[in-house]
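Overview (structure and organization)
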Amino acid sequence: MEQNNEGGNLAQVQHVVLILSGKGGVGKSTLTTELALALRHAGKKVGILDVDLCGPSIPRMLSVGKPEVHQCDSGWVPVYTDAQKSLALMSIGFLLEDPDEAVVWRGPKKTALIGQFVSDVAWGELDVLLVDTPPGTSDEHLAVLENLKKQHKVDGAILITTPQAVSTGDVRREITFCKKTGLRILGIVENMSGFVCPHCSECSNIFSKGGGEELAKLTGSVYLGSVPLDPLLTTSIEEGKDFIQTFPDSATFSAINSIAQTLLTSIQNP
């Protein structure tokens, strides 16, 4: 693998992508997990940096529990979810003594930990590092971005929204954040776009539909696609199973896989 010229623990990481959302509860961590799995199935080595201080849920989604985090000469060793070491994870959830513990920290302590997380994880060779961020546009986002930029070029961000106006309105502010910080917007994904019936597989729009695509048009952003509410995906996430491997013929798999392929094309041909 061709190495990046810049130093530090990100030297052998080819591409860095942030996953952002204007508000909580839109499925950002779920889509981070599923995109990582789709990229792994495409033959890529993938890492996930879970810096969502308020809700580090990806360890559960990938069924890795709370492993002991080891250290090497270069820093923390990420947790690998498979024997082939094709999917690596480092989560703030690994450092909490009690999974029910609330992170009640002031800004400086949060930003210091994020800085340490970004710089001190020994990722090794990765094709793509996905960074799952907290919702909103806060000090944590600036800390993630500033610390990443010290070590590596950030390819850009994927913005996650749901179809309703209350969600797309928050994503508008996220777009403003990206523009102010010089962060390239790789595209917008509309999550929870319709509900897939578990009996007949018909998709019904229980929320509104098309808000993400309309927002992409209004802001000149790329629309990466929509992902429906799918009970099969929900069950897979709850049980820590690989949805993409378990249900390869589902329409939801096709949607996630299409977004992953578009992302790959975008970062490989900026």
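Overview of the structure. (Residues numbered from 1 in each chain as written. Predicted model: local features only at pLDDT ≥ 70, side-chain atom pairs only at ≥ 80, totals over all residues. Heavy atoms only, no water.)

1. A word on helix α3 (residues 107–120)
To keep things clear, this is the line we draw: Runs of E in the DSSP output that reach at least two residues are strands. Runs of H or I that reach at least four are helices, and both are numbered from the N terminus. The span expected for a helix works out to 1.5 Å for each residue beyond the first. Between two residues, a contact is recorded if the distance between any of their heavy atoms is within 4.5 Å.
Taking 1.5 Å per residue, 14 residues should reach 20 Å; α3 reaches 20 Å between its end C-alpha atoms and fits that length. Next to the buried residues of α3 lie β2 (46–50), β4 (75–76), β6 (87–91) and α4 (139–151).

2. Looking at helix α1 (residues 28–41)
Rules: The buried label goes to any residue with under 20% of its type's maximum accessible area, the exposed label to any with over 50%, and the partly exposed label to all in between, with areas taken from a 1.4 Å probe on protein chains only.
The end-to-end C-alpha distance of α1 is 20 Å, a good match for the 20 Å that 14 residues give at a rise of 1.5 Å each. Within α1, 13 of the 14 residues are buried, which leaves it mostly tucked inside the rest of the structure. G43, located one to two residues past α1, shows a positive phi value of around 90°.

3. Some points on the packing of aromatic side chains
The test is simple: Stacked, tilted and edge-to-face are the three classes assigned to paired rings of Phe, Tyr and Trp, where Trp is represented by its six-membered ring and a pair needs centres within 6.5 Å; plane angles under 30 degrees give stacked, over 60 edge-to-face, the rest tilted.
Following the criterion strictly, the structure yields two aromatic pairs and no others. Pairing W76 with F117 gives two aromatic rings, centres 5.3 Å apart and planes at 65°, and the pair type is edge-to-face. One end of the pair, W76, is in strand β4; the other, F117, is in helix α3, with 41 residues separating them in the sequence. Taken individually, W76 and F117 each receive the classification buried, so the pair is uniform in this respect. The interplanar angle of 40° and the centroid separation of 5.5 Å between the aromatic rings of F243 and F247 together place this pair among those described as tilted. Judged by its relative accessible area of 0%, F243 falls in the buried class.

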